[in-house]
Amino acid sequence: MDIILASKSPRRREILENTKVRFSIEESQIDEVIKLNELPKETVMRLAYEKALDVANRNRNSLVIGADTIVVINDTILGKPKDDIEAFSMLKLLSGKTHYVITGFALINLSLNKKIVDCQISQVTFKELSEATIKDYIQTKESLDKAGAYGIQGYGGLLVENIQGDYFNIVGLPISKISDCLKDHFDINLFYGG
């Protein structure tokens, strides 16, 4: 069965490439809309499902993996910042505090009529960040394409005091939980590639 990752994220691609599974990439064309009165878990699972379904509709016999990651602090969802000013305010908000990183994922094969949707939650605590540190980090240009304005796998790791939970979830793809779902529902073993 062909496997498609419905994501343009280089981080998700790298995580999946660390397994034996062969896959292609096809970006979804959905608008990532955050709805009011929707819980953060519901938001990421819905967006992951919409991304995967969009690609699955064009590839009915393939297994499509979709994912979406958000940062949540004080019940507020932090998506990708629009610019450096918004990145600065997000990082200032996260400074010295604990937040949650939630990645929703969807595994869809329409020809088998299988649709698995779930999520993983990790906890991240930031160090107290000076304005100078935040500005230095923003200068790396790492913050603009990442939820919460940081990437833990790059310079953003310098901002983190500790984490609880799945590191790969924070990067953007909870590969351990996805591996279990692939084995349980699609008989795909990521150790062997099929």
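Above: the structure in question.
Residues numbered from 1 in each chain as written. Predicted model: local features only at pLDDT ≥ 70, side-chain atom pairs only at ≥ 80, totals over all residues. Heavy atoms only, no water.

(A) Inspection of the nonpolar core at higher detail. Core analysis: the biggest nonpolar cluster contains 42 residues, and Leu-16, Leu-91, Leu-107, Phe-126, Tyr-150 and Leu-182 have the highest contact counts within it. If we ignore the near neighbours within four places in the chain, the residues touching Leu-91 are Phe-126, Leu-129, Ile-134, Tyr-137, Ile-138, Gly-148, Ala-149, Tyr-150 and Leu-159. Counting ten residues, the second-largest nonpolar core is a separate cluster that includes Ala-52, Val-55, Val-64 and Ile-108. (Core = buried A, V, L, I, M, F, W, Y, C linked by side-chain atoms within 4.5 Å. Buried < 20%, exposed > 50% of the residue type's maximum accessible area, 1.4 Å probe, protein only. Contact = heavy atoms within 4.5 Å.)

(B) Spatial organisation of the environment of Asn-61. In this fold, Asn-61 is placed in the loop between α2 (40–56) and β3 (63–73). Asn-61 sits 17 residues away from Val-44 along the chain, and the two C-alpha atoms are 25 Å apart. If we ignore the near neighbours within four places in the chain, the residues touching Asn-61 are Met-1, Asn-109 and Ser-111. Of note is the side chain of Asn-61, whose polar atom sits 3.4 Å from the side chain of Ser-111. (Helix = DSSP H or I, 4+ residues; strand = E, 2+ residues; numbered from the N terminus. Polar contact = N/O pair within 3.5 Å; in protein donor to acceptor, adjacent residues only side chain to side chain.)

(C) Representation of the side chain of Asp-54. Looking at the secondary structure, you find Asp-54 in helix α2. Assessed through its relative accessible area of 18%, Asp-54 is described here as buried. The contact partners of Asp-54, leaving out residues within four places of it in the chain, are Ser-28, Gln-29 and Ile-30.

(D) How the structure looks around helix α3 (residues 84–94). For α3, the set of buried residues is Ala-87, Met-90, Leu-91 and Leu-94. For α3, the buried positions fall inside an angular range of 95° around the axis, keeping them on one side. Those residues of α3 hidden inside the fold are in contact with β3, β4 (76–78), β5 (98–109), β6 (114–126) and α4 (131–139). By the N-cap criterion, in which a side-chain oxygen at the helix start approaches the backbone nitrogen of a residue two or three places on, α3 is capped by Asp-83, the distance to Ile-85 being 3.2 Å. Two residues or fewer after α3 comes Gly-96, characterised by a positive phi angle close to 70°. (Arc of directions from axis to C-beta.)

(E) Structural view of the packing of aromatic side chains. For the structure on display, the rule yields two aromatic pairs. Relative to Tyr-150, the ring of Phe-126 has its centre 4.8 Å away and its plane inclined at 70°; by these criteria the two rings are edge-to-face. With a gap of 24 residues between them, Phe-126 in strand β6 and Tyr-150 in the loop between α4 and β7 (160–164) connect regions that are remote in the sequence. Across the pair, Tyr-150 and Phe-126 agree in class, each one buried. Centre to centre, the rings of Tyr-167 and Phe-168 are 5.4 Å apart; their planes meet at 75°, and the pair counts as edge-to-face. On the basis of relative accessibility, which here comes to 35%, the residue Phe-168 falls in the partly exposed class. Lys-114 extends its terminal NZ or CZ atom over the ring of Phe-186, reaching a point 5.4 Å from the ring centre. (Phe/Tyr/Trp six-rings, centres within 6.5 Å; stacked < 30°, edge-to-face > 60°. Lys NZ or Arg CZ within 6 Å of the ring centre and 35° of its normal.)

(F) Region of the structure containing the pairing of β5. Counting buried residues in β5 gives ten out of twelve residues, a clear majority hidden from the surface. Pairing between β5 and β6: twelve bridges, direction antiparallel. Each bridged residue has a counterpart across the sheet, and for Phe-105 the counterpart in β6 is Asp-118. (Pairing = 2+ DSSP bridges.)

(G) Structural detail: a nonpolar patch on the surface. On the surface, a cluster of nonpolar side chains totalling about 230 Å² of accessible area is made up of Ile-163, Tyr-167 and Phe-168. In this fold, Phe-168 is placed in helix α5 (residues 167–171). (Patch = residues over 30% accessible without salt bridge, like charges linked within 9 Å, V, L, I, M, F, W, Y side chains within 5 Å. Areas by Shrake-Rupley, 256 points an atom, 1.4 Å probe, with all protein chains shown as cover. Salt bridge = Lys/Arg side-chain N within 4 Å of Asp/Glu carboxyl O.)

(H) Spatial organisation of the side chain of Asp-166. In this structure, Asp-166 sits in the loop between β7 and α5. No salt bridge forms around the buried Asp-166; measuring N to O, its nearest opposite-charge neighbour Lys-177 is 8.7 Å away. In contact with Asp-166, other than residues within four places in its own chain, are Gln-120, Ser-122, Pro-174 and Ile-175. (Lys, Arg positive; Asp, Glu negative; His and termini not counted.)

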